[in-house]
Number of protein chains: 2
Amino acid sequence: MVVPTMADVARRAGVSAKTVSNVLSGYPYIRESTRERVLAAVDELGYEINVTARILRSGRSGLIGLAVPELGQPYFGELADEVLAAARRRDVQVLIEPTGFTREGELAALREPRRRLVDGLVFSPAALDQSDVHLLENLDYPLVLLGEQVFSTHVDHVTMHNVEGARAATELLLDVGCRRIAAIGMLHARTAGSATLRFQGYREALEDRGLAVDDRLLGWADDGWHRANGARAMAAVLDTGVEVDGVVAFNDALALGAMHELGVRGLSIPRDVAVVGFDDVEDARYSVPSLTTIDPGRREIAQVALDLLLRRLDEVGSPGGSVRPPVLHVADMRLVERESTPRRV
Amino acid sequence: MVVPTMADVARRAGVSAKTVSNVLSGYPYIRESTRERVLAAVDELGYEINVTARILRSGRSGLIGLAVPELGQPYFGELADEVLAAARRRDVQVLIEPTGFTREGELAALREPRRRLVDGLVFSPAALDQSDVHLLENLDYPLVLLGEQVFSTHVDHVTMHNVEGARAATELLLDVGCRRIAAIGMLHARTAGSATLRFQGYREALEDRGLAVDDRLLGWADDGWHRANGARAMAAVLDTGVEVDGVVAFNDALALGAMHELGVRGLSIPRDVAVVGFDDVEDARYSVPSLTTIDPGRREIAQVALDLLLRRLDEVGSPGGSVRPPVLHVADMRLVERESTPRRV
DNA sequence: GTGAAAGCGCTAACAT
DNA sequence: ATGTTAGCGCTTTCAC
C-alpha cells in the first residue's frame, strides 16, 4: 500500500469510512471506544487525510488567499506574518499570492478563488485604480480589502488612518518648528493608494497652518517605496537647492533611504533635518538615529480582516441568513516618537 | 447555473469534456477550429477550472510547499520572493508555510505533502537538529533542504558558504588591523544551523592568525536573530568591559542592532569599531554607515532549489528512470565591502 | 451512533 | 483528433 486511504483506516479499525471521516472531522456523537480504535488505526498506518478529496467533496477548502505585492518589503512580510498568525488561531490556512505590484498579478489573484482552491481572499491592492472598482464588486466569493483607500462601499475594507497618520506626522514636524517639510514617496500614478492619501494628510496639515505646498519639496518614488528610491528622491529634492528642515516619508523604507542621503550630505538628524516615517517596521526601532514613525496597527488590521472574511464565509455556508452590509474598519494609528525628531515642547 | 463545469463548456462548444480538458491542459493535437470553439465557450461562460478536482484526479497539484521560519525577517521575505519568482518562471505555485522557528511548526510542514495538496517541499530548517535527521530521510515525496548545514547525505541540499563566509568576514577585519573581534549571534541550542557554522568560520580565521577565541567577545542571541537581540548582545559584550575593535554579526539584522548599540555608546564606525554582517539584505545598503556584509547568493539558492525539486518530481512521474543520487549545491558567496569597514590596504 | 450509496469535477486509460 | 468509461478519496444524504 503506497499511501493509505480512509478505507484502509476503516478496514483496520473495523468500521466504515464514514465513521473514520466523522472522527477526523470532530463529529461529536461517537462512542469513545470507536474513536479510540479509529485513532489507533490512523496512527498505525501513518494516515494523513487527502485534503484535495475533502475539498472537492465538501466545497470548502479552509484555505484563504492573501494577495500582497511583495514579501521582501518588511511591511508586507510583517503583515503576512500577522495574517498567518491570526489564521492559525482560527484554524485556517493561507495561500500567499504575491502580485508584484502589477495589474496583471492582481487580476490573477482575483481569479484564484473561482478555481476553488481558496474560499476567499484578503487583498491588498497596489496597482488597481478607481476605474477597476467594478472588478471588486459582485464577486461570487468573499473578499476583504486591506490597507488602502475605500474604493467601493460594496466590499468589506480594513484600512489604516492614512490621512490622519500623515497629518499627525506633519503636525509633529510643524510643532517642533519645521517649516520646509519635504514629502518623500510621491507617485504619478493615480492608484487611489496610500501615496495619494498620505500626501493629502501632509497637505492638509500644512494648509491648516497657512503654509502652501512647495513642489520642489516633493520627492517622487514611482519605482516603488524602497530605500534606494527614498535616497534618490531625497537627493532630487536637495539638488533643487531648496531649503529643507523636515521630512515626511510615506513609508519607513523611504525614510531610512532619505536619512542615508541626508547623512551623506553631512546633514545631522534631527538637528538640521527632522524625519518621520510611516509603518513602524522593525527597522525603525534600530536605525541610527531611531525613526519616529506612524504605527498603522498591523496586528489589528490582520485580525479584523481575517474575522470579516470568516464571517462572510459563514454567511455563504448558511443560506437564508440575512447578509450583513459591507463593513469599513479603520484601525487605530499611533505616532511613535523616537530620535529622528526633536522632543515636542 | 451557479458555477460552470467542464461539462457545461463542452456542451456549449459541442464537444466532449475530455476535449475541453485537452485544450485547457495544452495537449497539442487539436484542430484549430475546435480549440477556438472551446476557448470561446470558456470565455462566454467565464469558466475557471476547478483545480481541486484536477489535483485529485491527476495526483499532481503543481503546488510546492516552501517552509521558512518567518516572513517578517527580511532574509526570509526576500528569499520567499526569489522562490516565488523562480516558481512563476517554471509555472508552478508555492504554498508558504511559516514554521515560526519552532520544532512543532517544522514537523507540521514536513507532514504537509502527505496530505496531497503540495507535491514536494523546499524546507529551510531552523529548529530541527542533528538527531532529527531520520525525519528527513525516506520520505515518500521530494524534499530540498535550504541554507543550512548538511544534515544528511540522503537529501538534496542547497546551502550557502556559511563557514567560508564567516571566515572571509573575519579575515577582512583582521586584515584591516582588528584584533579584538566580537561574534554576535551565538546560540546555545545545537541546531546544526548557521550559527554553529558561522562561529566555526570565525574561529578558524582567528586561529589561522594564532589568535584564540575570547569568551567575553561572544554575544548570545538565543531569542532570534533580530535587531533587538543584536543590540542586546552587543551591549552584553561591551558591559564585560572587554576591548572591542571589530564585530562579525551572524546576520545583517544583528549587525544593524549592534551598530545601533555602538552608536549609543559613542563609538564611531568604522573608526573605533569595524562591523561586518551576513546576508546582504536590502537594509545593509542604506544603513548609516552602509554595512559590509556577505552576499549568500539568494537568487541562485532559490532557483537551484526549485529546479532540483522539479527534477525529482519528474523522476517520480516517470518510473523506471534511474533515480539520481542526492545533490549538494553550494551557492557562491561574495564579500560586499561598504562603509562599516575601513578599506583594505 | 454507524453504515451504504452516490457523486463532487476532473483526467487516465483506452477506444475509435 | 476526439469520445467513452471509470474512478481519484472523500463527504453528503439518508437509512437504520
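Residues numbered from 1 in each chain as written. Chains lettered and ligands numbered in written order. Predicted model: local features only at pLDDT ≥ 70, side-chain atom pairs only at ≥ 80, totals over all residues. Heavy atoms only, no water.

So, on to the pairing of strand β6 (residues 181–186) of chain A. Residue and element names in this part refer to chain A. Where burial is concerned, most of β6 is hidden: six out of the six residues are buried. Looking at chain direction, β6 and strand β8 (residues 246–249) are connected through four bridges and run parallel. Within β8, the position partnered with I184 by the bridge is A249. Where β6 and strand β7 (residues 218–220) come together, three bridges link them in parallel fashion. In the strand pairing of β7, A183 is matched with L218. (Buried < 20%, exposed > 50% of the residue type's maximum accessible area, 1.4 Å probe, protein only. Helix = DSSP H or I, 4+ residues; strand = E, 2+ residues; numbered from the N terminus. Pairing = 2+ DSSP bridges.)

Below, the discussion takes up the environment of I64 of chain B. All names here are of chain B. Following the sequence through the fold, I64 ends up in strand β1 (residues 63–68). Judged by its relative accessible area of 1%, I64 falls in the buried class. Beyond its immediate sequence surroundings of up to four residues, I64 is in contact with Q93, V94, L95, V118, G120, V122, L306, L309 and L313. (Contact = heavy atoms within 4.5 Å.)

What follows is about the sheet that holds strand β9 (residues 274–276) of chain A. All names here are of chain A. With parallel pairing, four strands are arranged side by side in an open sheet as β7-β6-β8-β9. The open sheet has two edge strands with one neighbour each: β7 and β9. Each strand axis lies, on average, 20° off the axis of its neighbour in the sheet, ignoring direction. Across the sheet, helix α9 (residues 194–208) lies against β6, β7 and β8, angled at about 165° from β6, the strand it touches most. Lying over the sheet, helix α11 (residues 252–264) contacts β6, β8 and β9, oriented at roughly 160° with respect to β9. (Axes fitted to C-alpha atoms, helices over the stretch in contact; angles between N-to-C directions.)

Evaluated as defined, the whole model comprises three cavities of 30 Å³ or more. Approximately 150 Å³ is the volume attributed to the largest cavity. Mapped by element, the contributors of at least two residues to the lining of the largest cavity are α11 of chain A together with α11 (252–264) of chain B. The biggest single contributor to the lining of the largest cavity is α11 of chain B, with three residues. Classifying every residue of the lining of the largest cavity gives eight nonpolar, three polar and two charged. (1 Å grid on protein atoms, 1.4 Å probe; cavity = no way out; pocket = protein on both sides within 12 Å on 5 of 7 lines; lining within 4 Å. Points joined across faces, edges and corners; volume = space filled by probe spheres on them. Nonpolar A, V, L, I, M, F, W, Y, C, P; charged D, E, K, R; others polar.)

The next point concerns the relation of the copies chain A and chain B. With an axial shift of 0.0 Å and an RMSD of 0.1 Å, the rotation relating chain A to chain B amounts to 180°. The two molecules are tied by a two-fold rotation axis, judged by turn and shift. A share of 98% of the interface residues of chain A reappears at the interface of chain B, consistent with the copies meeting face to face through the same patch. (Least-squares fit on C-alpha atoms with pLDDT ≥ 70 in both.)

Around DNA strand C sit 22 residues in total, of which T19, T34 and R57 of chain A together with S21 and Y47 of chain B are the nearest. Within 4 Å of the protein, the contacting atoms of DNA strand C are drawn from sugar and phosphate to the extent of 66%. Note that a phosphate oxygen of DNA strand C is positioned 3.1 Å from one of the backbone N or O atoms of R31 of chain A. A distance of 3.4 Å separates a base oxygen of DNA strand C from a polar side-chain atom of R57 of chain B. If you tally residues by element for the surface near DNA strand C, the top one is helix α4 (residues 51–58) of chain B, at four residues. (Near = heavy atom within 4 Å. Polar contact = N/O pair within 3.5 Å; in protein donor to acceptor, adjacent residues only side chain to side chain.)

Between two packed helices, the angle of one axis relative to the other and the distance separating the axes together describe the packing. All names here are of chain B. Axis separation between helix α2 (residues 17–24) and helix α3 (residues 32–45) bottoms out at 10 Å; the angle between their running directions is 90°. Taken together, the axes of α2 and α3 lie roughly perpendicular to each other. In this structure, α2 uses T19, V20, V23 and L24 to contact α3, whose residues at the interface are T34, R35, V38, L39 and V42. By residue class, the composition of the contact of α2 with α3 is six nonpolar, two polar and one charged. (Parallel < 35°, antiparallel > 145°, perpendicular 65-115°, else oblique.)

So, on to the interface of chain A and chain B. Contact residues are listed per partner, giving 49 residues for chain A and 48 residues for chain B. Here chain A meets chain B over a buried area of about 4,400 Å², counting both sides, of which 58% is carbon and sulfur. The interface formed by chain A and chain B includes four salt bridges. For R227 of chain B, the salt bridge goes to D283 of chain A, with nearest N and O atoms at 3.4 Å. Connecting chain A to chain B are 16 residue pairs in polar contact (both at pLDDT 80 or more). Among the elements of the structure, α4 (51–58), α5 (74–90), β2 (93–98), α10 (227–239), α11 and α12 (282–286) of chain A are those that each provide at least two residues to the side of chain A that touches chain B. Take the side of chain A that touches chain B: its biggest share by element is seven residues, from α5 of chain A. (Buried area = accessible area lost by both parts, 1.4 Å probe. Salt bridge = Lys/Arg side-chain N within 4 Å of Asp/Glu carboxyl O.)

Around DNA strand D there are 22 residues in total, and K18 and Y47 of chain A together with T19, T34 and R57 of chain B lie nearest to it. In DNA strand D, the atoms that sit within 4 Å of the protein are 65% sugar and phosphate, with bases accounting for the remainder. A distance of 2.3 Å is found between a phosphate oxygen of DNA strand D and a side-chain nitrogen or oxygen belonging to Y47 of chain A. In this structure, a phosphate oxygen belonging to DNA strand D sits 2.4 Å away from a side-chain N or O atom of T34 of chain B. Taken together, the elements giving at least two residues each to the surface near DNA strand D come down to α2 (17–24) and α4 of chain A together with α2 and α4 of chain B.

Moving on, we get to the domain arrangement of chain A. Residues and elements named next belong to chain A. On domain assignment, one finds that chain A holds domain 1 (1–48), domain 2 (59–160 + 299–330) and domain 3 (162–295). Facing the 14 residues of domain 2 at the interface are 16 residues of domain 3. Summing the contributions of domain 2 and of domain 3, the shared interface buries around 1,100 Å²; its carbon and sulfur component is 49%. Joining domain 2 to domain 3, the criterion identifies zero salt bridges. Along the contact surface separating domain 2 from domain 3 lie two residue pairs in polar contact (both at pLDDT 80 or more). Of the residues assigned to the side of domain 2 that touches domain 3, the class counts are six nonpolar, four polar and four charged. (Domains from an automatic or database assignment.)

Let's shift gears to the UniProt feature "domain: HTH lacI-type" (unreviewed entry) in chain A. UniProt tags residues 4–58 of chain A as "domain: HTH lacI-type" (unreviewed entry). Spanning residues 4–58 of chain A, this segment combines 69% helix with 0% strand, and its end C-alpha atoms are found 20 Å apart. (UniProt positions renumbered as here; feature names shortened; annotations may be inferred.)

Residues and elements named next belong to chain A. Here strand β1 (residues 63–68) lies mainly inside the structure; six of its six residues are buried. Of the two faces of β1, the one holding L63, G65 and A67 and the one holding I64, L66 and V68 are both buried throughout. Judged from the six bridges that link them, β1 and β2 form a sheet pairing that is parallel. Along β2, the bridge assignment pairs G65 with L95. Crossover connection from β1 via α5 to parallel β2: handedness right-handed. Sheet analysis places β1 next to strand β3 (residues 120–123), joined by four bridges and oriented parallel. (Right-handed = clockwise from strand over helix to strand, strands pointing away.)

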